[in-house]
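# Structure at a glance
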Amino acid sequence: MILLTGGTGFISSHTAVALAEAGLPCVLLDNLANSPESTLQGLARITGQAPLFVQGDVRDAALLDSLFARYPIQAVLHGASLKAVGEGLAQPALYHDNNVSGTVTLIRAMERAGVRRLVFSSSSTVYGNPTLQCLPESAPLVPLNPEARSKVMVEQILHDVAASHPDWRVLSLRCFNPVGAHPSGALGEAPRGQTLNLLTVMAQATAGQRPPLSIFGNDYPTPDGTGVRDYIHVMDLARGHLLALQQLLQAAAPPDARHRVLNLGRGQGISVLQLLQAFEQHTGYRVPHQWAPRREGDAACWVADVSAARQHLGWQAELGLAEMCRDAWRWQGRA
Ligand code: UFG
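The paragraphs below set out a description of the structure included in this document. (Residues numbered from 1 in each chain as written. Predicted model: local features only at pLDDT ≥ 70, side-chain atom pairs only at ≥ 80, totals over all residues. Heavy atoms only, no water.)

Moving on: the nonpolar core. By size, the foremost hydrophobic cluster in this structure holds 35 residues, and its most contacted members are Ile2, Leu4, Leu19, Leu28, Val119 and Leu171. Residue contributions to this core peak at 7 residues, all from helix H8 (residues 234-249). With sequence-adjacent residues up to four places away left out, Ile2 is seen in contact with Leu19, Leu24, Pro25, Cys26, Val27, Ala75, Leu77, Leu245 and Leu249. The next biggest cluster of nonpolar side chains, apart from the first, holds 28 residues, and it includes Val76, Leu106, Leu158 and Val161. (Core = buried A, V, L, I, M, F, W, Y, C linked by side-chain atoms within 4.5 Å. Buried < 20%, exposed > 50% of the residue type's maximum accessible area, 1.4 Å probe, protein only. Helix = DSSP H or I, 4+ residues; strand = E, 2+ residues; numbered from the N terminus. Contact = heavy atoms within 4.5 Å.)

Quick look at the structure:
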């Protein structure tokens, strides 16, 4: 059985679908701080059975102990983290408590239970504002804000932890820009706050559920002046997390690879304007939009070097812009 922290969040909930399809049972833990309970109904519709869910906080050591005692947990996917850049700047202690202390509490509970297989859902935010066109995992880590710093700190802690005991096996997956939704339309991005990804904002603006899309900046050093990202379908990420968990459950790691860091992206840079054009092409709707100044703290360009994930995980993205746009639109209820 797999414990999914942040179980009702965007990445963990879609991974729960991939696990169910692979026949791997899981228990979802989430404090519902940033995702709605209705995610559970979406999961039930897709998988045909109500997910095993525990409402609680990853910082609650006694709760974690009770979960490890009650369920035969073999590995953990740790996806419980706060991720709004602005909120992290305003409340750094909250972010470090939730993201860093939460991870330490989880690791200590895992050690008490003798469970030493962990997949950490990290993010491309650790690279800051890179100068490289294509980012290998060895690129410098230059976190620009507390949220990004918390991700770097967690990766470093995991590195120390993995070195401390021969049974530890940890994979940190640096997810690039997750977009799209489950193709059924029953599951998608549903944060409580305003931290929506660009494609969700685009779909909501097109559906008239919010004002026109503001395109933040037209003077970046990119081909059309708008920000470039490596967008990846959330179901591709879910499959990557599944493969990572399956790999950790297999043979022991060589001593030099107890903690491996892998980028999960498509390796293709797409600008805001290119995504807008793709959305219009694949949905048949015009996206109302306007130009706006750059958003503070935004990087010009993030694109993954994806060769390590292919080599070490046998994973590569399969879904393209058409699926991302159509599934995001279906989730918005207009397809
Ligand atoms: N953008 C707009 N208008 C909007 C929203 C976004 O023009 O209304 C632009 C941004 O300026 C950026 C691109 O669209 O160029 C993508 O923005 P997102 O907000 O979708 O995502 P970010 O690249 O800012 O990064 C987010 C999180 C990071 C995380 C990363 C990858 O903020 O912490 O996704 O997971 F690392």
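Before going further, it helps to spend a moment on helix H1 (residues 10-21). Taking 1.5 Å of rise per residue, the 12 residues of H1 would be expected to cover 16 Å, and the 18 Å separating its terminal C-alpha atoms lies within 8% of that figure. Within H1, 10 of the 12 residues are buried, which leaves the element mostly enclosed by the surrounding structure. Looking at H1, one finds that the buried residues are Phe10, Ile11, Ser12, Ser13, His14, Thr15, Ala16, Val17, Ala18 and Leu19. A positive backbone phi angle near 75 degrees is found at Gly23, which sits one or two residues after H1. (Expected span 1.5 Å × (residues − 1).)

This part covers the pairing of strand E2 (residues 26-30). Along E2, 5 of the 5 residues are buried, which leaves the element largely enclosed by surrounding structure. The alternating pattern of E2 places Cys26, Leu28 and Asp30 on one face and Val27 and Leu29 on the opposite face, and all of these are buried. Judged from the 4 bridges that link them, strand E1 (residues 2-5) and E2 form a sheet pairing that is parallel. Bridged to Ile2 within E2 is Cys26. On the question of chirality, the crossover connecting E1 to the parallel E2 by way of H1 is right-handed. Sheet analysis places E2 next to strand E3 (residues 52-55), joined by 4 bridges and oriented parallel. Residue Leu28 lies in a different strand from E3, and its bridge partner there is Phe53. For the segment spanning E2, helix H2 (residues 38-47) and E3, crossover handedness is right-handed. (Pairing = 2+ DSSP bridges. Right-handed = clockwise from strand over helix to strand, strands pointing away.)

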